[in-house]
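Architecture and fold: a report
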Amino acid sequence: MSDTKGHNLKFKSRKEKIGWFLDEIDSYKEDMGKWYSLFIRIILPFFIFLIPSNIVCARFYEMMVSKYFSGILDYSDSASKITFWVICLLLFLAVLIFLPRFATLLEFAISGVFYYIAMTVTYVVEVDGKLIEKALITNGLGYFVVITLSVFMFMKLVFFVFEVMYRIIFHGEKEPKAYKDDENEIVF
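The sections below set out a description of the structure shown in this document. (Residues numbered from 1 in each chain as written. Predicted model: local features only at pLDDT ≥ 70, side-chain atom pairs only at ≥ 80, totals over all residues. Heavy atoms only, no water.)

A closer look at the overall build of the chain
For the chain, the count of helices and strands is 6 helices and 2 strands. For the chain, the N- to C-terminal ordering of α and β elements is α-α-α-α-α-β-β-α. Residue burial in the chain is summarised as follows: out of 188 residues, 26% are buried. A separation of at least 24 residues holds for 60% of the contacts in the chain among residues at least 6 apart in sequence. Surface exposure of the chain reaches about 13800 Å², of which carbon and sulfur atoms provide 65%. (Helix = DSSP H or I, 4+ residues; strand = E, 2+ residues; numbered from the N terminus. Buried < 20%, exposed > 50% of the residue type's maximum accessible area, 1.4 Å probe, protein only. Contact = heavy atoms within 4.5 Å. Areas by Shrake-Rupley, 256 points an atom, 1.4 Å probe, with all protein chains shown as cover.)

A closer look at a nonpolar patch on the surface
Together, W35, L38, F39, I40, I43 and F47 give the surface a local cluster of nonpolar side chains, amounting to about 620 Å² of exposed area. Within the secondary structure layout, W35 lies in helix α2 (residues 34-48). (Patch = residues over 30% accessible without salt bridge, like charges linked within 9 Å, V, L, I, M, F, W, Y side chains within 5 Å. Salt bridge = Lys/Arg side-chain N within 4 Å of Asp/Glu carboxyl O.)

Considerations on the nonpolar core
Here is a general trend for soluble globular proteins: nonpolar side chains tend to be buried in one another's company. Ranked by internal contacts, the top residues of the largest apolar core, which has 20 residues, are F49, F92, F114 and L149. Elements with a minimum of two residues in this core: α2, α3 (50-67), α4 (78-98), α5 (100-120) and α6 (140-169). With 5 residues, α5 is the single largest residue contributor to this core. (Core = buried A, V, L, I, M, F, W, Y, C linked by side-chain atoms within 4.5 Å.)

Description of the packing of aromatic side chains
Tallying each qualifying case throughout the model produces 7 aromatic pairs. Between the aromatic rings of Y61 and F84, the centroid separation amounts to 6.1 Å while the plane-to-plane angle is 45 degrees, which identifies the pairing as tilted. On the criterion of sequence distance, the pair formed by Y61 in helix α3 and F84 in helix α4 is long-range, its members being 23 residues apart. With respect to burial, Y61 and F84 carry one shared label: buried. Members of the aromatic cluster, each reached through a chain of ring pairs, are F49, F92 and F152. (Phe/Tyr/Trp six-rings, centres within 6.5 Å; stacked < 30°, edge-to-face > 60°.)

A closer look at α2
Across its 15 residues, α2 extends 20 Å between first and last C-alpha, which sits within 8% of the 21 Å expected from 1.5 Å per residue. Regarding α2, the residues found buried are Y36, I42, P45, F46 and I48. The secondary structure elements touched by the buried residues of α2 are α1 (14-32), α3, α4, α5 and α6. (Expected span 1.5 Å × (residues − 1).)

Points about the pairing of strand β2 (residues 130-135)
Burial within β2 is sparse, with just 0 of its 6 residues counted as buried. Of the strand pairs in this sheet, strand β1 (residues 122-127) and β2 are connected by 6 bridges, and their pairing is antiparallel. Bridge pairing links V125 to I132 in β2. From the end of β1 to the start of β2, which pair antiparallel, there are 2 residues, and D128 there has a positive phi angle of about 55 degrees. (Pairing = 2+ DSSP bridges.)

Here we look at the pattern of salt bridges
Under the defined criterion, the tally for this structure stands at 3 salt bridges. With a closest N to O distance of 3.7 Å, K81 and E62 form a salt bridge. Placement of the pair is K81 in helix α4 and E62 in helix α3, with a sequence separation of 19 residues. Among the residues examined, E62 registers a relative accessible area of 21% and is labelled partly exposed. For the salt bridge of K156 with E107, the shortest nitrogen-to-oxygen distance reads 3.2 Å. In this pair, K156 sits in helix α6 while E107 sits in helix α5, placing the two residues 49 residues apart along the sequence. We classify E107 as buried; its relative accessible area is 0%. Among the ionic contacts, a cluster of salt bridges with common partners joins R59, E62 and K81.

Focus on the state of the cysteines
Structurally, a disulfide amounts to a covalent bond that connects the sulfur atoms of two cysteines. Under the defined criterion, the tally for this structure stands at 0 disulfides. Of all cysteine sulfurs in the structure, the one in C88 sits closest to C57, which takes part in no disulfide; the separation is 3.4 Å. Using a relative accessible area of 23% as the deciding quantity, one classes C88 as partly exposed. (Disulfide = S-S within 2.5 Å.)

This is how it looks when you write it as structure tokens:
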């Protein structure tokens with residue numbers, strides 16, 4: 001095994017240099033193996049989206065009840081809200097497992113709706129006989145969810161950009177290129 005720190009890598013063009021770096025990033029993802037796909041693509045998104053999906057599902061449920069099912073369902077029926085949320089979570093988990101690329105699109109959609117709701121929606125509550133407008137996020141858990149979701153989606157966006165760049169540079173190739181040194185030995 002050869003170390004690239006000791007080598008003076010010379011590239012013919014900027015495209016070749018970017019391709020080498022993208023190939024290195026892709027090889028790090030491949031080195032993580034099954035743990036990467038199991039933890040980063042399935043388990044972590046499922047836990048990160050527990051609270052945002054709850055908020056989005058609750059709003060969607062309220063909208064459905066007010067527009068379509070006002071005579072059948074009631075706003076105060078918390079059992080049907082929880083059932084709807086659990087069904088949505090199971091569908092989200094199935095999408096994470098079986099359709100990972102669609103799951104990325106779904107994650108961006110859910111996070112966008114969550115940010116919209118978190119920034120614009122206020123609740124009117126009664127405190128000591130007065131009506132007060134209250135924002136959706138008012139405690140540490142809410143801020144933790146927003147920050148965690150923001151970091152996760154930013155990293156998802158960064159890796160999406162890397163993947164697009166990788167596909168553009170290495171289009172048509174089935175396997176990634178590996179850096180070869182002067183003696184045509186493959187360096188991992």
